[in-house]
Amino acid sequence: MQPHIRLSKSMTRAKYALLPGDPERVDRIVRFLDNPEMLGQNREFRAARGEYKGVEILVLSTGIGGPSTAIAVEELRQIGIDTLIRIGSCGALQDTLSLGEVIIAHGAVADDGTSKTYAPASYPACADPQLTATLMQLALQMNIPVRCGLVRSHDSFYTDREADLDAEWSARGILGADMETAALMVVGALRGLRTASLLNVVVAHNGCLDSSINNYVQQETLCQQGEVHQISLALQAIYFDSQQGEQ
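Sequence order sets the numbering: in each chain, residues are counted from 1 along the sequence as written. Only residues with pLDDT of at least 70 are given local features in this predicted model, and only at 80 or more are side-chain atom pairs given and counted; all residues enter the totals for whole chains, interfaces and linings. With hydrogens and water excluded, all non-hydrogen atoms of the structure serve as input to the side-chain values.

Section: the environment of E56
Secondary structure elements follow DSSP: runs of H or I of four or more residues count as helices, runs of E of two or more count as strands, with numbering from the N terminus. Within the secondary structure, E56 sits in strand 4 (residues 55-60). Two residues qualify as a contact provided that any one of their heavy atoms is within 4.5 Å of a heavy atom in the partner residue. If near-sequence neighbours (up to four positions away) are discounted, E56 is found in contact with T12, R13, A14, Y16, R49, G50 and E51. Any N or O atom pair separated by 3.5 Å or less is treated as a polar contact, with the protein-specific requirement of one donor-capable and one acceptor-capable atom, and with residues adjacent in sequence counted only for side-chain atom pairs. Of note is the side chain of E56, whose polar atom sits 2.7 Å from the side chain of T12. Engagement of the side chain of E56 in a polar contact is seen with the backbone nitrogen of R13, the distance being 3.2 Å.

Some points on the state of the cysteines
Cysteine sulfur atoms that pair up within 2.5 Å are treated as a disulfide. Under the definition given, this model contains 0 disulfides. Note on C148: no disulfide assigned, nearest cysteine sulfur contributed by C126 at a separation of 11 Å.

Structural notes on the layout of surface pockets
Volume-wise, the largest pocket comes out at about 810 Å³. Around the largest pocket, the lining comprises 39 residues; the ones closest to its centre are S89, C90, G91, V202 and V203. Breaking the lining of the largest pocket down by element, the ones donating at least two residues are helix 1 (23-30), strand 5 (83-92), helix 5 (162-171), strand 9 (176-178), strand 10 (194-203) and helix 7 (216-246). Across the lining of the largest pocket, the residue classes break down as 16 nonpolar, 12 polar and 11 charged. Grid spacing is 1 Å over the protein atoms alone, the probe is 1.4 Å, and a cavity is where that probe fits but cannot get out, while a pocket is an open set with protein on both sides within 12 Å along at least five of seven lines and lining residues have an atom within 4 Å of a point. Grid points are joined across faces, edges and corners, and a volume is the space filled by probe spheres set on the points. Polar here means any residue outside two lists: the nonpolar Ala, Val, Leu, Ile, Met, Phe, Trp, Tyr, Cys and Pro, and the charged Asp, Glu, Lys and Arg; Gly therefore counts as polar.

Concerning helix 4 (residues 129-141)
Taking 1.5 Å of rise per residue, the 13 residues of helix 4 would be expected to cover 18 Å, and the 18 Å separating its terminal C-alpha atoms lies within 8% of that figure. Think of it in three bands: with a 1.4 Å probe and only protein chains considered, a residue is buried below 20% of the maximum accessible area for its type, exposed above 50%, and partly exposed in between. Among all positions in helix 4, only L131, T132, T134, L135, L138 and A139 are buried. Each buried residue of helix 4 lies within a common arc of 160° when the element is viewed along its axis, so the set occupies one face. What points out from helix 4, more than 90 degrees from its buried face, is the exposed set P129, L140 and Q141. At the exit of helix 4 stands N143, carrying a positive phi of roughly 60°. The span expected for a helix works out to 1.5 Å for each residue beyond the first. Throughout, the arc means the angular range of directions from the helix axis out to the C-beta atoms.

Details of unusual backbone geometry
One non-glycine residue, K53, lies in positive phi territory at about 50°. In this structure, K53 sits in the loop between strand 3 (45-52) and strand 4. Residue N143 is not a glycine yet carries a positive backbone phi of 60°. Within the fold, N143 resides in the loop between helix 4 and strand 8 (146-153).

Some words on the pairing of strand 1 (residues 16-20)
Among the 5 residues that make up strand 1, 5 are buried, leaving the element largely enclosed by the rest of the structure. Across 5 bridges, the pairing between strand 1 and strand 5 is parallel. Considered in strand 5, the bridge of A17 is made with L84. Pairing between two strands is assigned when DSSP locates at least 2 bridges connecting them.

What to know about the pairing of strand 4
Buried residues dominate strand 4, accounting for 6 of its 6 residues. Burial along strand 4 is two-sided: V55, I57 and V59 and E56, L58 and L60, pointing in opposite directions, are all buried. Pairing between strand 1 and strand 4: 3 bridges, direction parallel. Paired with A17 across the strands is L58, a residue of strand 4. Sheet topology note: the strand 3/strand 4 ladder contains 6 bridges and is antiparallel. What sits directly across from G50, in strand 4, is I57. Count of turn residues in the strand 3/strand 4 antiparallel hairpin: 2 residues, of which K53 carries a positive phi of about 50°.

Here is the structure:
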């Protein structure tokens, strides 16, 4: 029994895991699964399992930030998980990104403390290339609007420099900002795991909101649609990957 996520090998045979940040998102993900089963919650770690087209999948929330994400990755490895896809949210750093659009992060700026604790800042935070390519291919087939690129993972929302930091990384072409992707990729790579990150844009970049979507209800609808897209895409990628492994 793992001390933080409170899961053991006897509770699941899954090799794949979906990692939302928000515990409530676990409940929404399991609606897409057959034979869903809630496995409990400890602190920010809410767990469930289910099947998608016969493939067992574990769903575990990671909470906010790199430290709890790293704990989840480490303990999931101990119970047999080898492929992890983040189902997260982010703020856009480019005007060309719309609410509800999904970013497939092929790498991250490791501007967080957890990644730097595990490895030097020069260590790359990269997604698994095959998993990323599968997600891109399926997004095209499923007609899901996505952008593939770099994101920035950070540790703060309320410092006096947030606006300056966003502008700085936006100017460098970074698509969006979250708090977990870099830690997932760095710890995953160090532990020999395959990782990917799908980020739903829930906060638009400064000044890019079109007047037709400037009320809360419309914004919420777009963000909900983005979440459905990223969940559907991740599940189909897992199924595709599992079939490739059987050939």
